[in-house]
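Take a look at the letters that make up each chain.
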Amino acid sequence: MFFGQVLNALGVLVASMWLASSPPKVSEIPIRQELFNFFDGQEQNAYKNLIQQSIDGDSQAFQTLIKFDCGGASFCYWHGEVLAKVTYQLGEEQVLSLLKDMNPADKSSFRHLLMAGLEYGLFSTDESPTSKRSKLTIEDEFPRLDQWLQSSAN
């Protein structure tokens, strides 16, 4: 009896450690642990909710996600990586549709975040954790979106 309780407790401990060490995900989009830890608890929940709402096609949520305070430096690279992965998941056409009323300043900010995310983010070619595509550019990955983001008029 005692041995079984010890094994159960050990199993719970191992499961907790595994969950704590795996990066948070929203709809299969991983969030870098360092970025996630930068946010406080309320911000973590808000960030995850904005990602999910964006994937669900909520234009306002996507624009709010784009403007989410990423804290600067590498945190913004990782935020850009999340935005690029959301863009991949939604597809260029849907992103253009969701952002059709975006102002020029926000377009510029989104473009720079995407550029950083594509350059510094982890994007695999074959779903293995060690595979990485290199030298991704917004011009190659999202050409129509890039052209639209560079335009000053909606």
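Remember, predicted model here, so these are calculated numbers, not experimental data. (Residues numbered from 1 in each chain as written. Predicted model: local features only at pLDDT ≥ 70, side-chain atom pairs only at ≥ 80, totals over all residues. Heavy atoms only, no water.)

A. Region of interest: the overall build of the protein. A tally of helices and strands in the protein yields nine helices and two strands. In sequence order, the protein lays out its α and β elements as α-β-β-α-α-α-α-α-α-α-α. Per-residue burial over the protein gives 37% buried out of 154 residues. Accessible area for the protein stands at about 9,000 Å²; split by element, carbon and sulfur atoms hold 55% of it. (Helix = DSSP H or I, 4+ residues; strand = E, 2+ residues; numbered from the N terminus. Buried < 20%, exposed > 50% of the residue type's maximum accessible area, 1.4 Å probe, protein only. Areas by Shrake-Rupley, 256 points an atom, 1.4 Å probe, with all protein chains shown as cover.)

B. The arrangement of helix α9 (residues 143-150) in detail. Every buried residue of α9 is listed here: L145, D146, W148 and L149. Down the axis of α9, the buried side of the element spans an arc of 165 degrees, and every buried residue falls inside it. Across from the buried face of α9, at angles greater than 90 degrees, the exposed residues are Q147 and Q150. Structurally, α9 contributes buried residues whose contacts are with α5 (73-90), α6 (92-98), α7 (104-120) and α8 (138-141). (Arc of directions from axis to C-beta. Contact = heavy atoms within 4.5 Å.)

C. Seen up close, unusual backbone geometry. If you check the backbone angles, E28 has positive phi at about 70 degrees while not being a glycine. Looking at the element boundaries, E28 is found in the loop between β1 (25-26) and β2 (29-30).

D. Just the state of the cysteines, in detail. Taken as a whole and judged by the stated rule, the model has one disulfide. The partner cysteine of C70 in its disulfide is C76, sulfur to sulfur 2.0 Å. On the S-S bond that ties C70 to C76, the torsion sits near 85 degrees, and the link is right-handed. (Disulfide = S-S within 2.5 Å.)

E. Region of interest: the packing of helix α4 (residues 59-66) against α5. Interhelical geometry of α4 versus α5 gives an angle of 155 degrees and a closest axis separation of 10 Å. Relative to α5, α4 is oriented roughly antiparallel. The residues of α5 that touch α4, namely those facing F62, L65 and I66, are H79, L83, V86, T87 and L90. Along the lines of polarity and charge, the residues of the contact of α4 with α5 split into six nonpolar, two polar and no charged. (Axes fitted to C-alpha atoms, helices over the stretch in contact; angles between N-to-C directions. Parallel < 35°, antiparallel > 145°, perpendicular 65-115°, else oblique. Nonpolar A, V, L, I, M, F, W, Y, C, P; charged D, E, K, R; others polar.)

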